[in-house]
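Topology and contacts: notes
Each chain, letter by letter, is given below.
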Amino acid sequence: PDGSLRYTTCTNGGPLFVYVKDSRILRVSPIEFDHTDPSTWVIEARGRKFSPPRRALVAPHALTMKSLVYSDKRILHPMKRVDFDPAGERNPQNRGKSGYVRISWDEALGIVATEINRQKRVHGPGSITFPMSSHHQWGNVGYYLSSLMRFANLIGFTRVAANPDSWEGWYWGAMHHFGNSMRVGVPAGYGGVEDCLKEAEMIVFWSCDPESTNGAYAGFEGTTRRLWAKELGIEFVHIDPHCNPTAQLLGGRWFPVRPQTDAALAQAIMHVWVTEGLYDEEYVATRTTGFDEWKAYLLGETDGVSKSPEWQESETGVPARDVRALARKWGGKKVYLAVGMTGTGFGGAGRGATGAQWARCMIMMMAMQGWGKPGVNFGGLQIGVPHDLHFYFPGYADGGISGELAWTGNAVNNYQRMPHILTMNPVKQMVPRQQLPDAIINGEATGYLWDGIAQEAQFAPFRYPMPGYSPIHMIYRYGGSSLSTVTRSGRWVEAYRHESIEFVVNQSIWMEGEAQFADIILPACTSLERWDIGEWANSGGYAHHGVNVVNHRVITMQHKCIEPLGESRSDYDIFTAILTRLGLGAVFTEGCSELDWVKRVFDSSDLPGEISWKKFCRKGYYVVPPEKPELRQPVDMRWFAEGRRKDLPEPLPMPSQYAKEFGMGLQTPSGKLEFVPAVLKRNTAGNPDRPPVNRYIPSWEGLRSTGLVERYPLQMIATHSRYSFHTSMDGKNSAVNQVEDHRALIAGHRFWLLRLNPADAAKRGIGQRDLVKIFNDRGAVICAADISPLVTPGVVKSSEASAEFQLVDFAGETVEIGGCLNMLTPDRSQTSGTSSMAPNSCLVQIEKWRNADTFKMNCAA
Amino acid sequence: MSKWNLIINVGRCENCHNCVIAHRDEHVGNDFPGYAAPAAAVGDSPIRILRRTQGSAPMVETTYLPVMCNHCDDAPCIRYAGDAIRKRDDGLVIIDPVMSYGRTDIVGSCPYGAIVWNDEQQVPQTWIFDAHLLDQGWQRPRCQQVCPTDVFEAVKLDDAAMERMAVAEGLKVHKPELETKPRIWYRGLERWETCFVGGSVSADLTAAVECIEGADVTLSQGGKVLARTVTDGFGDFRFDNLAGDGGAYRVEVSHDHGSAWRDCVLCESVYLGELRL
Ligand SMILES: Nc1nc2c(c(=O)[nH]1)N[C@H]1C(S)=C(S)[C@@H](COP(=O)(O)OP(=O)(O)OC[C@H]3O[C@@H](n4cnc5c(=O)[nH]c(N)nc54)[C@H](O)[C@@H]3O)O[C@H]1N2
Ligand SMILES: Nc1nc2c(c(=O)[nH]1)N[C@H]1C(S)=C(S)[C@@H](COP(=O)(O)OP(=O)(O)OC[C@H]3O[C@@H](n4cnc5c(=O)[nH]c(N)nc54)[C@H](O)[C@@H]3O)O[C@H]1N2
Ligand code: SF4
Ligand code: SF4
Ligand SMILES: [Ca+2]
Ligand SMILES: [Ca+2]
Ligand SMILES: [Mo+4]
């Protein structure tokens, strides 16, 4: 009626309609299904019928898309640093200081192409690196594991090997008790929604805040389901230093635990189960190994310390009586354990020095309670929706157009359906992501692989530099998040200014984060300005059947809604233009435009059997009909609990990974749940950090760190931001940035929020929304205080992933005012022999910022 | 004559800010002549989410209250601003974007603080109930469309029917003492307005200190018992819906293992902590 055209798109927070009028985006709104879309599933539980709303319950960051497209931080032209002369003085020491001049695309592309060739000639393979970030705008063609991977492979690069940041604790620890390496050591969650609603009596949310982390991409699709559980009277418990938004919404008993002490709490609960016989003895006897050794540890028979509720009290701050009460309730009921964003893994508790100890405990607890029996599982209603999983559509990690068979899911997924020119990176040299700045500054680094192929893949170290390859001399950065997502991120500034780095190019949509450290800036466009295709929450790869978190399977045409703003171009176009100068244009494109690739992805899926290309383009989305009730997936681990052959639709373990008969038992050497993992016995017995019998080893940066804790008495946890998706949607004057519970507007600047308890605030004379300086030996950041009893005393809670990085020298001190709290976090791996991050083991001090008034006056002037 | 009203379900709001962000999405960069000038990309939102946190660890309760222009029937802003603000036949209150140009003074006329100043356009603005969309045939405003927990329900009823509904379902308006006859109604506003007293009961038994389930707890004032409850598996008890009027209360606990009592004065909710029998 208002003369607008309705397009569709998909985001990290859900699918949207995009209304466009006069070549401008008018609005975005969540997709709502109409009568032509298939019916919605119904679950019957306890005499009631439940069915979710017929609209996408999207995340706040999804709804902010329009504001991001029109952000005043958009980079609209190629730019060159003023004092960068590729033929003369390059002035690396001035990166991040000097300004930029606008240049033509022709000049920019010429400089980049020439430098790529120069690097190859002068230094040889390995001198170029492409540090990739984990999260990207939605869409199978434009995704970084798709176009960027293809581009990088065609150039050759030193791989920045990511640590399993999302899965820390699970990969290095939990996995060895039960396998599931292909899921990076987290449970699958099949069938969890129906089983939980029908059977469970209690849900324990442990380091789990799905109202903030949304099962990653599912927006609030799980919220409705949790509200059903509340209506059914299922009891809730929340174990978290923060009475987080999930706890706030659902209510239930809060256990304010001190960060990184969870393993002590868990062991005390298990201690009660052992001493009071509140565990499933039959299950433990027949489905597990090593319980006697574990029991002996709990009872103190091996080390003389009984892991009783009283023992844990001084560590966790949780009264012994509460632990005992929880243990008894839990032992006597059918309980779902919800850990991390999906309820089946992840969680900030896993991202600290004790992360593996905690995650290992979670698996052991479920092993004691009969994991897989009705009502006893991992979940929390965030995962396990009864979808038709036979309908095929590739996930973003399933290869896209990359042609890469080894580092994406391509080989086992989409490649057969969409053959395209293979690409591979001939450079074997790798550098661990968390240590990239050190590798540049010190010239060396050691890492351990994140590789889901097998439980054993993580034990072999790799070293940088690798004989035969060049050290890194050129950084091709795509995006700019590291300053706020990598630990002790201040290192990046030095790395960028290091003389060994001859050239830095940044391909970015917005002027933020690391973009300001580049020599050449290439302006990319948002996904609303280019073609793509993608299914909501279908990440594929390690998150096999990742759509299990949303209520409807929605596959969207991601229309090019408007032309790219200014001179910005799609990433694909930029890659094409560079590779064309290197004579590789046609190898990259195969003669295809982005829209052609979208059509090829469409054709590779099961869509053509259901909807014509034309209709799909016009309507913009397709909803996969729900699974017939009799064909719904079985419940995860039910087969195991019942001693049957595995009956789940997942390709793991691999045929070779069964130690008995194919399909019988888990991936572990014994095929059982192992309280004392054989794989650790074989590989880490000599490593006190990774004992085969799990222990409680206090955090190496925590309240037991004498010498440090006196100066820095507060524990900081900077976890995932509720309103933004990592750095996307934060900063850049986005609509999210205006949210007062995201950033507070003080003297014209939007300060990152720091949540703390009234007792800690009062001690320091800090008032609501005062500017505070949070600091330790690694740096200082200015934040705005949000004071409430929702944070346990002694803890400050904030978020990682500020998009703004703004170091300022102010009255004799250097402070960061964008909110990059990872400036303060330790870069130490959780345990030796791993490449893991431990940002939630971080001691800090805070004080009222003494220069706040000067700052305010300067701003006013 | 049926008119628009909005019902807000208190206790279901989880502070996700979808409604706030959708409002910006709708209005920033968009001009709707006769309804609203383009909103400022930066600055206050005419939809705000207020927070109230009661109690202390581990017994805290957080309530979020969405507030916005109430589209009052007896609107002080209209009385003040005259022609610049009008009441539509369907009950909605619209600040005219042209006639209100430059009128910073209008901002202060709303006792709810529901008017924000748009510095870019030099106009006072409110949440207009998405009147421009309703006039195009939309059935509900955008806040309702994007809210994940169904906090909002827009209803179009004649005033008598609305009044009956309000009585039947206990709907209340925010700050009724302002006597502006709001068209925004709250369901379950007690949660925002009242207090609780809670505590946790324990006893030192031979082996250990234990949470005491099933203890009888009474709340009394001046010797008169107002309410009774029983502790749960964590020994917790809670009395809700109390007026935070500074009154003095006594909590008494009794159980086979012993008894305990505590006095408190209630201005805001209190968690009494551990009551050891
Ligand atoms: N809105 C939004 N959603 C996201 C993301 C985002 O950036 N924004 N990121 C996505 C990604 S990549 C991931 S990996 C997931 C992350 O999902 P999670 O790993 O589950 O998220 P976190 O926020 O790190 O942690 C969840 C909860 O753990 C608590 N916590 C922190 N430390 C401890 C501890 O030591 N003990 C206990 N018991 N609790 C602790 C935090 O207070 C928080 O409430 O989220 C995904 N979803
Ligand atoms: N303290 C602390 N630190 C943490 C965590 C924590 O819990 N605590 N969590 C960790 C976890 S789990 C994760 S997953 C990481 C995430 O950390 P990162 O992956 O580093 O963060 P993102 O913000 O997702 O980075 C994505 C980048 O890609 C860019 N980008 C996205 N789409 C496009 C595109 O289409 N074109 C171009 N050219 N660029 C694009 C964005 O602008 C952004 O710069 O953070 C980790 N860091
Ligand atoms: S809430 Fe304020 S602005 Fe809205 S109608 Fe009432 S008085 Fe006017
Ligand atoms: S959209 Fe709903 S839940 Fe979210 S802040 Fe608004 S009212 Fe609250
Ligand atoms: Ca149980
Ligand atoms: Ca049991
Ligand atoms: Mo992650």
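Read on for an overview of the structure. Within any chain, residue numbers begin from 1 and follow the written order of that chain's sequence. The order in which chains are written sets their letters, starting at A; the order in which ligands are written sets their numbers, starting at 1. Where totals are concerned, whole chains, interfaces and linings use all residues; where local detail is concerned, this predicted model gives features only for residues with pLDDT of at least 70, and gives and counts side-chain atom pairs only at 80 or more. Think of the side-chain values as coming from all heavy atoms in the structure, minus any hydrogens and water.

With that out of the way, let us pick up the coordination of the calcium ion (ligand 6). Residue and element names in this part refer to chain A. G331 (O) and Q369 (OE1) make up the full set of protein donors to the calcium ion (ligand 6), lying at 2.6 to 3.0 Å. In this analysis a donor is any N, O or S atom within 2.8 Å of a metal ion (3.2 Å for sodium, potassium and calcium), and since water is not included, sites may seem incomplete. Separating the calcium ion (ligand 6) from the calcium ion (ligand 5) is a distance of 3.6 Å, and Q369 supplies a donor atom to each of them. Taken together, the residues span a long stretch of sequence, with G331 in helix α14 (residues 320–332) and Q369 in helix α15 (residues 355–369) at a distance of 38 residues. For the residue pair G331 and Q369, the accessibility class agrees, reading buried in each case. Comment: elements are numbered from the N terminus, with helices defined as DSSP H or I runs of at least four residues and strands as E runs of at least two. Only protein chains enter the calculation, and the probe is 1.4 Å; a residue is then buried if its accessible area is under 20% of its type maximum, exposed if over 50%, and partly exposed in between.

Residues and elements named next belong to chain A. For this document, the term salt bridge refers to a Lys or Arg side-chain nitrogen within 4 Å of an Asp or Glu carboxyl oxygen. In total, this model carries 87 salt bridges over all chains according to the counting rule given. Where D280 meets K373, a salt bridge forms, and the shortest distance between an N and an O atom there is 2.7 Å. A residue pair is termed long-range when its members are at least 10 positions apart, and D280 in the loop between α10 (262–275) and α11 (281–287) and K373 in the loop between α15 and β15 (377–378) qualify at 93 residues. Residue class for D280 comes out buried when judged on its relative accessible area of 16%.

Further remarks concern the site of ligand 1. Residue and element names in this part refer to chain A. Surveying the vicinity of ligand 1 reveals 35 residues, the closest of which are S207, D240, D262, G347 and K797. We call two N or O atoms a polar contact when they sit within 3.5 Å, provided that within protein one can donate a hydrogen and the other can accept it, with sequence-adjacent residues counted only if both atoms are side-chain atoms. Contact distances for ligand 1 include 2.9 Å between an oxygen atom and a backbone N or O atom of M341. The contact in question runs from an oxygen atom of ligand 1 to an N or O atom on the backbone of H726, over 2.8 Å. In short, Shrake-Rupley with a 1.4 Å probe defines the accessible areas, and a residue's cover is counted only from the protein chains shown. If ligand 1 stood free it would expose 920 Å²; the protein chains cover 99% of that surface. Sorting the residues of the shell around ligand 1 by element identifies α7 (210–213) and β26 (714–719) as the ones contributing at least two each. Nearness here has a simple test: a residue counts as near a molecule or strand if at least one of its heavy atoms is within 4 Å of that partner.

Turning to the pairing of strand β22 (residues 532–535) of chain A, a few remarks are in order. Working note: regular strand, side chains alternate between the two faces of the sheet. All names here are of chain A. Here β22 shows no split at all, with D532 and G534 on one side and I533 and E535 on the other all buried. Strand pairing requires that DSSP identify at least two bridges connecting the strands. Across four bridges, the pairing between β22 and strand β23 (residues 553–558) is antiparallel. Looking at the pairing, D532 lines up with Q558 of β23.

Geometry of an aromatic ring pair is reported as the spacing of the ring centres plus the angle between the planes. All names here are of chain A. Each Phe, Tyr or Trp ring (for Trp, its six-membered ring) is paired with any other whose centre lies within 6.5 Å, and the angle between the two planes then decides the class: stacked below 30 degrees, edge-to-face above 60, tilted in between. Tallied over the entire structure, the rule returns 53 aromatic pairs over all chains. Relative to F291, the ring of Y279 lies with its centre 5.1 Å away and its plane at 45 degrees, an arrangement referred to as tilted. Here Y279, found in the loop between α10 and α11, pairs with F291, found in helix α12 (residues 291–299); they are 12 residues apart in sequence, far enough to count as distant. Neither residue differs from the other here; Y279 and F291 are each classed as buried. Geometrically, the ring pair formed by F810 and F855 is tilted, given 6.0 Å between the ring centres and 55 degrees between the ring planes. Placement of F810 in strand β32 (residues 807–810) and of F855 in helix α26 (residues 852–860) is noted, with a sequence separation of 45 residues between them. The class of F855 is buried, set by a relative accessible area of 6%. One aromatic cluster in this structure is built from F130, F151, F157, Y476, Y478, Y572, F575 and F588. The ring of Y19 carries R27 above its face, with NZ or CZ at 5.3 Å from the centroid. A ring is considered to have a charge above it if a Lys NZ or an Arg CZ atom is located within 6 Å of its centre and within 35 degrees of its normal.

This part takes up the side chain of H27 of chain B. Position of H27 of chain B among the secondary structure elements: in helix α1 (residues 18–27). Pairs of residues are marked as contacts when any of their non-hydrogen atoms sit within 4.5 Å. Setting aside anything within four residues of it in sequence, one finds H27 of chain B in contact with F32, A36, P38, A39, I128, D130 and H132 of chain B.

So, about the coordination of the calcium ion (ligand 5). Residue and element names in this part refer to chain A. Here the calcium ion (ligand 5) is held by the protein donor atoms W330 (O), K333 (O) and Q369 (OE1), which lie 2.3 to 2.7 Å from it. Read from N- to C-terminus, the donor residues coordinating the calcium ion (ligand 5) fall into the pattern W-x2-K-x35-Q. When its relative accessible area of 28% is taken as the criterion, K333 is described as partly exposed. Accessibility expressed as a relative area gives 10% for Q369, which makes it buried.

All names here are of chain A. Across the sheet, which stays open at both edges, the three strands sit in the order β22-β23-β24 with antiparallel pairing between neighbours. With partners counted over all chains shown, the strands left at the sheet margins are β22 and β24 (621–624), one partner each. On average, each strand axis in the sheet is inclined to that of its neighbour by 10 degrees, with strand direction left out of account. Think of each axis as a best-fit line through the C-alpha atoms, taken over the contacting stretch in the case of a helix, with angles from 0 to 180 degrees between the N-to-C directions. Sitting on the sheet, helix α21 (residues 594–604) touches β22 and β23, and the angle it makes with β22 is about 30 degrees.

Before going further, it helps to spend a moment on the site of ligand 3. Around ligand 3 sit C69, N70, H71, C72, A75, P76, C77, V93, C110, P111, Y112 and I115 of chain B, and those are all the residues in its vicinity. Classification convention: Asp, Glu, Lys, Arg as charged; Ala, Val, Leu, Ile, Met, Phe, Trp, Tyr, Cys, Pro as nonpolar; all other residues, Gly among them, as polar. Of the residues that constitute the shell around ligand 3, the class distribution is 10 nonpolar, two polar and no charged.

With that out of the way, let us pick up the packing of helix α3 (residues 105–122) of chain A against helix α19 (residues 571–581) of chain A. All names here are of chain A. Orientation of α3 relative to α19, taken along the N-to-C sense of each, is 60 degrees, at an axis distance of 9 Å. The angle between α3 and α19 places the two elements in the oblique class. Both α3 and α19 take part in a crossing whose hand is right-handed. Here W105, D106, L109, G110, V112, A113 and I116 of α3 come into contact with α19, specifically with I574, A577, I578 and R581. Looking at the contact of α3 with α19, its residues break down into eight nonpolar, one polar and two charged. When an angle is under 35 degrees it counts as roughly parallel; over 145 it counts as roughly antiparallel; between 65 and 115 it counts as roughly perpendicular; any other value is oblique. Should the near helix be turned anticlockwise from the far one by less than a right angle, the crossing is left-handed, and should it be turned clockwise, the crossing is right-handed.

What follows concerns the state of the cysteines. Pairs of cysteine sulfur atoms within 2.5 Å are what we label disulfides. Applying the stated criterion to the full structure yields zero disulfides over all chains. Cysteine C243 of chain A is unpaired, with the sulfur of C208 of chain A as its nearest cysteine sulfur at 13 Å.

Residue and element names in this part refer to chain A. The definition of a nonpolar core used throughout is a set of buried Ala, Val, Leu, Ile, Met, Phe, Trp, Tyr and Cys residues joined through side-chain atoms within 4.5 Å. By size, the foremost hydrophobic cluster in this structure holds 179 residues, and its most contacted members are W206, W330, M362 and Y476. Ignoring sequence-local partners within four residues, the contact set of W330 consists of M202, V204, W206, I269, W273, V335, L337, M365 and Q369. Among the nonpolar cores identified, the runner-up in size contains 45 residues, and A518, A718, L756 and C842 belong to it.

Here we come to the side chain of D83 of chain A. Residues and elements named next belong to chain A. Looking at where D83 falls in the secondary structure, it is placed in the loop between β6 (79–81) and β7 (100–102). For D83, a relative accessible area of 18% translates into the label buried. Looking at D83, its side chain comes within polar contact range of the side chain of R81, at 2.8 Å. Sequence-distant contacts of D83, that is, excluding residues within four places in its chain, are made with E89, R90, N91, N94 and S98.

The next subject is the environment of N244 of chain A. Residues and elements named next belong to chain A. You can see N244 is positioned in the loop between β11 (235–239) and α9 (245–250). Separated by 546 residues in the primary sequence, N244 and L790 place their C-alpha atoms 7.4 Å from one another. Setting aside anything within four residues of it in sequence, one finds N244 in contact with C208 and D209. Of the polar contacts made by the side chain of N244, one reaches the backbone nitrogen of T246; its length is 3.0 Å.

Counting residues at the interface gives 50 residues for chain B and 55 residues for chain A. When two parts are brought into contact, each loses some accessible area as probed by a 1.4 Å sphere; the total of that loss over both is the buried area. For the pairing of chain B and chain A, the buried interface totals around 4,200 Å² over both sides, and the portion due to carbon and sulfur atoms is 52%. A per-residue breakdown of the area chain B buries against chain A is headed by E14, I21 and F234 of chain B, which together make up 16% of the total. Remark: the boundary between chain B and chain A carries eight salt bridges. Joining chain B to chain A, the criterion identifies 22 residue pairs in polar contact (both at pLDDT 80 or more).

This part is about the packing of helix α4 (residues 144–155) of chain A against α19 of chain A. All names here are of chain A. Interhelical geometry of α4 versus α19 gives an angle of 15 degrees and a closest axis separation of 10 Å. One way to sum up the angle between α4 and α19 is to call them roughly parallel. Crossing hand, α4 versus α19: left-handed. Counted together, S147, L148, F151, L154 and I155 of α4 and Y572, F575, I578 and L579 of α19 form the full contact between these two elements. Looking at the contact of α4 with α19 residue by residue, the class counts come to eight nonpolar, one polar and no charged.

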